[in-house]
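Breakdown of the fold
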Amino acid sequence: MVLGNYMDYEADYAGARSKNRFRFEIYWGLDKLLKEMTVSQNFYMIFDYVCDIEIHFSDHYEFYQVKTKNGKSYTINNLTNRGEKKNSVIGTLYKIRDSDLKNKTNRSKLAIVSNLKLSDSALANSANLEFELNSLSKNNVEKIETALKKEFGIEKIDLSNIFFINTDLAVSNFRDTMVGRINNYYKSQYGDDALKPAALLNVLSEEIQQKADFEEPCESYGELLKKKGISTERIDFIFEKYSERSISMIEKCKAHINSVIKNYKKRINYMKHLTSIVTNLGKDFFLQNLEQEIKQDIIDKIDEFSDGELFYIAKEYVTISSVNFPIEYSIEEKELLSLIALINLEDQL
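Overview of the structure.

The next thing to look at is the overall build of the chain. Across its full length, the chain holds 13 helices and nine strands. Seen along its three principal axes, the alpha-carbon backbone of the chain occupies a region of about 80 × 40 × 35 Å. The 349 residues of the chain split such that 50% are buried. Surface accessibility of the chain: about 17,600 Å² in total, with carbon and sulfur atoms responsible for 47%.

If you want it as structure tokens, here you go:
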């Protein structure tokens, strides 16, 4: 099998999409990622570069265009009509196939993903149905081939390994569905239900959003993987960090805050930041290194602290700290990060 040079493919710098459609795209990608991780632990998922969703295995690529529509079905005209655009929906995918053929590399798997079934007499009406376009009725195969020949100015079209997927992730409730699927995946890996699957979903989707939001051209494949891709190792890392240990940290911090802060409004202000800081600490290497600096700085200044509750010490530490906190951090966020460092420091002793 000859793996093509990914950087030969044309990046798609399409215009802005609706927020809901973009969120659906991200959630479908996450759903696909978790399903793939049950059978493979060695791939990257790329978001919104050549295609909406891409899977980069060691020996082949897979490209998915995610299209949501209102209505009863997706039509062949929806696939082939260019309108005022440079390429049709199927044409956007076929650019990849055309590149593979010209470079004589293996044919990547290509797929259109839709919340609607494709209107074709040869197909069964089934959720999550995946089928090759070659299996459509003869009339519809000819329509697609004719449209692509005109769009690309070529005489021969190869529809092998090009699919249509009718996903079972409904546009109307995709977030609720994904909360359940996140919990199911967590349970399969750790043996217990996730304590806060919705919060874990937020962490994962925000990670993906950051990758999708990066819009600059990538000069190398390595840069692409770093800026636009998520590895299976990264997903495993996030799950590990957001396991029961993370939830336990939140509960420990709450107890220390409640023992010191009696004003309800002030407690709520701390609680607003707490989950975000614990979550970001689980996935942000900069914050992890910063926490190590804080712990060492606390050890160096241990004789300067007054006796009292741990959160009092955290508040006192911030006033004498030698550590450079992120400039955007509020005093409450600095105190919370210091509290976490103090708790972890005690647990390590």
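This part takes up the packing of helix H3 (residues 89–103) against helix H4 (residues 138–152). It is the contact of H3 with H4, at a shortest axis distance of 11 Å, that shows an interaxial angle of 70°. The angle between H3 and H4 places the two elements in the roughly perpendicular class. Read as a crossing pair, H3 and H4 show a hand that is right-handed. On H4, the residues touching Ile90, Gly91, Tyr94, Lys95 and Asp98 of H3 are Ile144, Leu148, Glu151 and Phe152. Residue classes in the contact of H3 with H4 are distributed as five nonpolar, one polar and three charged.

A few words on the pattern of salt bridges. Scanning all chains against the criterion turns up 13 salt bridges. Salt-bridge contacts for Glu36 lead to Lys32; the nearest nitrogen and oxygen are separated by 3.1 Å. Residue Glu36 and its partner Lys32 are located together in helix H1 (residues 19–37), separated by four residues, close to a single helical turn. Here Glu36 matches Lys32 in class, with each residue buried. A cluster of three or more residues bridged by salt bridges with shared partners is formed by Asp31, Lys35, Asp168 and Arg181.

Another point: the pairing of strand E2 (residues 53–56). Of the two faces of E2, the one carrying Ile53 and Ile55 and the one carrying Glu54 and His56 are both buried. Hairpin connection of strand E1 (residues 44–47) to E2: five residues between the antiparallel strands, including Asp48 at a positive phi of 65°. The pairing of E2 with strand E3 (residues 61–67) spans four bridges and is classified as antiparallel. Paired with Ile55 across the two strands is Glu62, which belongs to E3. What sits between E2 and E3 in their antiparallel hairpin is a turn of four residues.

What counts and how
Residues numbered from 1 in each chain as written. Predicted model: local features only at pLDDT ≥ 70, side-chain atom pairs only at ≥ 80, totals over all residues. Heavy atoms only, no water. Helix = DSSP H or I, 4+ residues; strand = E, 2+ residues; numbered from the N terminus. Buried < 20%, exposed > 50% of the residue type's maximum accessible area, 1.4 Å probe, protein only. Areas by Shrake-Rupley, 256 points an atom, 1.4 Å probe, with all protein chains shown as cover. Axes fitted to C-alpha atoms, helices over the stretch in contact; angles between N-to-C directions. Parallel < 35°, antiparallel > 145°, perpendicular 65-115°, else oblique. Left-handed = near helix turned anticlockwise from the far one by under 90°. Contact = heavy atoms within 4.5 Å. Nonpolar A, V, L, I, M, F, W, Y, C, P; charged D, E, K, R; others polar. Salt bridge = Lys/Arg side-chain N within 4 Å of Asp/Glu carboxyl O. Pairing = 2+ DSSP bridges.

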